[in-house]
Amino acid sequence: MTLCELLTYLDRQSGYSVLDGDCEETIKKALAGTHRDVLAGRIVAAIVGSGEAATADAPVTRAQATTALGPLRLKAMREDVSGQELKRMERTVHAIDGAFNDEALAARGS
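Residues numbered from 1 in each chain as written. Predicted model: local features only at pLDDT ≥ 70, side-chain atom pairs only at ≥ 80, totals over all residues. Heavy atoms only, no water.

## Quick word on the packing of helix α1 (residues 3–13) against helix α3 (residues 38–49)
Contact geometry of α1 with α3 gives a least axis separation of 12 Å together with a crossing angle of 155°. Comparing the axis directions of α1 and α3 gives the class roughly antiparallel. Remark: the crossing between α1 and α3 carries right-handed chirality. The residues of α3 that touch α1, namely those facing L3, L6, L7 and L10, are V44, I47 and V48. Within the contact of α1 with α3, the residues separate by chemical class into seven nonpolar, no polar and no charged. (Axes fitted to C-alpha atoms, helices over the stretch in contact; angles between N-to-C directions. Helix = DSSP H or I, 4+ residues; strand = E, 2+ residues; numbered from the N terminus. Parallel < 35°, antiparallel > 145°, perpendicular 65-115°, else oblique. Left-handed = near helix turned anticlockwise from the far one by under 90°. Contact = heavy atoms within 4.5 Å. Nonpolar A, V, L, I, M, F, W, Y, C, P; charged D, E, K, R; others polar.)

## Some remarks on the packing of α1 against helix α6 (residues 83–107)
Angle between the axes and distance between the axes: these two values describe a pair of packed helices. Interaxial distance between α1 and α6 falls to 9 Å at its minimum, and their mutual angle equals 120°. The orientation of α1 with respect to α6, classified from their angle, is oblique. The element α1 and its partner α6 pack so that their crossing is right-handed. For the pair formed by α1 and α6, the contact residues are L6, Y9, L10 and Q13 on the first element and T92, A95, I96, G98, A99, F100 and D102 on the second. Residues of the contact of α1 with α6, tallied by class, amount to seven nonpolar, three polar and one charged.

## Examining the pattern of salt bridges
Here the structure, examined in full by the defined rule, presents six salt bridges. A salt bridge links R36 to D20, with the shortest nitrogen-to-oxygen separation between them at 3.6 Å. With R36 in the loop between α2 (23–32) and α3 and D20 in the loop between α1 and α2, this pair connects stretches of sequence that are 16 residues apart. (Salt bridge = Lys/Arg side-chain N within 4 Å of Asp/Glu carboxyl O.)

## A word on the environment of V81
Structurally, V81 is set in the loop between α5 (70–76) and α6. The exposure class assigned to V81 is buried, which follows from its relative accessible area of 15%. Each residue touching V81, except ones within four places of it in the same chain, is listed here: K75 and A76. (Buried < 20%, exposed > 50% of the residue type's maximum accessible area, 1.4 Å probe, protein only.)

## Quick notes on the state of the cysteines
Simply put, the disulfide is a covalent bond whose two ends are the sulfur atoms of two cysteines. Under the counting rule described, the total for this entry stands at one disulfide. Here C4 is linked by a disulfide to C23, with a sulfur-sulfur distance of 2.1 Å. One quick way to see it: the torsion about the S-S bond of C4 and C23 is about 70°, and its sign makes the bridge right-handed. In this pair, C4 is assigned in helix α1 and C23 in helix α2, connecting sequence segments 19 residues apart. (Disulfide = S-S within 2.5 Å.)

The structure is reproduced here in structure tokens:
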């Protein structure tokens, strides 16, 4: 799966806006810290940072994406962070699993 495919899936399926423009623009804004949604920007930047290239066409694996979110998930679990942020991280991780599950099912013709 490409980074753009994952970001588009997350934007559609997580319940939260992930994209801020097209995929390339979203990546640039996330890395620059100018994404319109601070948490979405951090999520995108973390996933981008887990790969070898910061482009929309870069391949990303389930393991890369979920591992990249580890520090953000731990931060969201702290007691001084809102329950909303924890819920959002949870939904994002589930949406990542969904993206890769859907990809695997499509490859099998299911």
